[in-house]
Amino acid sequence: MRPAYLTAARHLQLGREWAVEGDQEQATEAYEEALRLLRSLPPERTRDVLLAHTHLAYYQTLALLGDEAGPEHLHLGVSYARSTRDPLARAIAEECLSGLEAVL
């Protein structure tokens, strides 16, 4: 199971890097691969923390594109961040939510 977590974390890292470089297509493909791997694993805190980070990163990337699928990833990311109580995921979720409130 650990290699799957490492692989998913690597896809998340690559997705973030590609998003920063402006390659949203590659970024979303990397996030999709990370989500595919993580969803195949049994529920566990590590998996859920990675799901929170992946959904939130996916949301941030889609928000830049104005993609309508973004809010679903935000909802899932916030939910996982709250349930895992991971401080970094919660901080990212709060930042995403506050940015959303500023737009509304």
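All values derive from a computational prediction rather than experimental measurement.

**Q** Can you tell me about the pattern of salt bridges, naming the residues and giving the values?
**A** Scanning all chains against the criterion turns up two salt bridges. Residue E33 pairs with R36 through a salt bridge whose shortest N-O separation is 2.4 Å. On the criterion of helical spacing, the pair formed by E33 and R36 is a turn pair, its members being three residues apart in helix α2 (residues 24-39). According to the relative accessible area criterion, E33 is partly exposed, its value standing at 26%. Residues R47 and D48 are paired through a salt bridge, measuring 2.9 Å at the closest nitrogen-oxygen approach.

**Q** So what's going on with the environment of G70? Which residues, and what values?
**A** As for its placement among the helices and strands, G70 is situated in helix α4 (residues 70-84). On the basis of relative accessible area, G70 is assigned to the buried category, the value being 1%. Each residue touching G70, except ones within four places of it in the same chain, is listed here: Y59 and L62.

**Q** Kindly report on the nonpolar core, identifying the contributing residues and their values.
**A** A general trend in soluble globular proteins is that nonpolar side chains are found buried together. Core analysis: the largest hydrophobic core is formed by 17 residues, its most contacted members being Y31 and L38. Looking at this core, the elements with two or more residues in it are α1 (2-21), α2 and α3 (45-65). Not counting residues up to four positions away in its chain, the partners in contact with L38 are Y5, A8, R47, L50, L51 and T54. Counting residues in hydrophobic clusters, the runner-up holds ten residues, among them A52, L56, A81 and I92.

Rules behind the numbers
Residue numbers here run from 1 along each chain, matching the order of that chain's written sequence. Only residues with pLDDT of at least 70 get local features here, since the model is predicted, and only at 80 or more are side-chain atom pairs given and counted; chain-wide, interface and lining totals rely on the full set of residues. Each side-chain value is derived from all of the structure's non-hydrogen atoms; neither hydrogens nor water enter the calculation. Any Lys or Arg side-chain nitrogen located within 4 Å of an Asp or Glu carboxyl oxygen qualifies as a salt bridge. The numbering of helices and of strands both runs from the N terminus, where a helix is a DSSP run of H or I of at least 4 residues and a strand a run of E of at least 2. When a residue's accessible area, from a 1.4 Å probe over protein chains only, is under 20% of the maximum for its type it is buried; when over 50% it is exposed; and in between it is partly exposed. Contacts are residue-level and defined by heavy atoms, with any inter-residue pair within 4.5 Å sufficient. Here, the term nonpolar core denotes a set of buried Ala, Val, Leu, Ile, Met, Phe, Trp, Tyr and Cys residues that are joined through side-chain atoms within 4.5 Å.

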